[in-house]
Amino acid sequence: MHTKTSFLIVLFLSLVFSANALGQTYTIPYPAEHAEPEFRIENLSADLYSDDTVLLIKGTVKNMGHKSVKGYVIVFLRDENNDQIGSVETDVNKRGSFGSGDSGKFEVAADIQSITGIKNVSIEFVEIR
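Note that the coordinates shown come from a computational prediction; the quantities given were computed from them, not determined experimentally.

Quick notes on the rules
Residues numbered from 1 in each chain as written. Predicted model: local features only at pLDDT ≥ 70, side-chain atom pairs only at ≥ 80, totals over all residues. Heavy atoms only, no water. Helix = DSSP H or I, 4+ residues; strand = E, 2+ residues; numbered from the N terminus. Buried < 20%, exposed > 50% of the residue type's maximum accessible area, 1.4 Å probe, protein only. Areas by Shrake-Rupley, 256 points an atom, 1.4 Å probe, with all protein chains shown as cover. Salt bridge = Lys/Arg side-chain N within 4 Å of Asp/Glu carboxyl O. Core = buried A, V, L, I, M, F, W, Y, C linked by side-chain atoms within 4.5 Å. Contact = heavy atoms within 4.5 Å.

Please explain the overall build of the chain as it appears in this structure.
Helices and strands together make up the secondary structure of the chain, namely 1 helix and 6 strands. Start at the N end of the chain and walk to the C end: the helices and strands fall as α-β-β-β-β-β-β. For the chain, the residues scored as buried account for 27% of the 129 residues in total. With an accessible surface of roughly 9,600 Å², the chain has 53% of that area assigned to carbon and sulfur atoms.

Before we go on, may I ask you to explain the pattern of salt bridges in this structure?
Once the charged atoms of two side chains with opposite charge are near each other, the side chains can pair. Applying the stated criterion across every chain, the model contains 4 salt bridges. Across the pair lysine 67 and glutamate 127 runs a salt bridge whose closest N-O atoms are separated by 2.7 Å. Placement of lysine 67 in the loop between strand E2 (54-63) and strand E3 (71-78) and of glutamate 127 in strand E6 (residues 120-127) is noted, with a sequence separation of 60 residues between them. What makes lysine 67 partly exposed here is its relative accessible area of 39%. A salt bridge links arginine 95 to aspartate 91; its shortest N-O distance comes to 2.6 Å. A cluster of three or more residues bridged by salt bridges with shared partners is formed by Lys67, Glu127 and Arg129.

Would you take a moment to explain the nonpolar core for this structure?
Taken as a class, soluble globular proteins show a tendency for nonpolar side chains to be buried jointly. Counting residues in hydrophobic clusters, the biggest one holds 17 residues, and the most contacted among them are Ile57, Val61, Val73, Val75, Val92, Phe106 and Phe125. For this core, the secondary structure elements donating two or more residues are E2, E3, strand E4 (84-92), strand E5 (103-111) and E6. Beyond its immediate stretch of four places on either side in the chain, phenylalanine 106 contacts Ile41, Leu44, Ile57, Lys58, Gly59, Thr60, Val61, Val73, Thr90, Asp91, Val92 and Ile123.

Structural data, given as structure tokens:
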């Protein structure tokens, strides 16, 4: 009788474990986020005019993503410590969309008479959805 009971217990456990193995669900992890930027600032220039009172900033935003985009740029005016001391905004491509692999142009003139110590600029593209 003891052998018969042991056999039934082993059979029962085998059925339970095999049912669990068949009934298991596996979660497929999300793909890793794309590490490269979707936009790249290219052909950037910042030139002084009118006795160094007007700064003309222009360039292009290259769309590195996989869909058309539209938006504007924020130009951050920075001092020698790379601290932000001013900013201006302007449309890219007149807020018209530009496709994957294409570039949109921007240009803005900033009156900098009241802003002293500009040593550098940085650009941020803001996508409008």
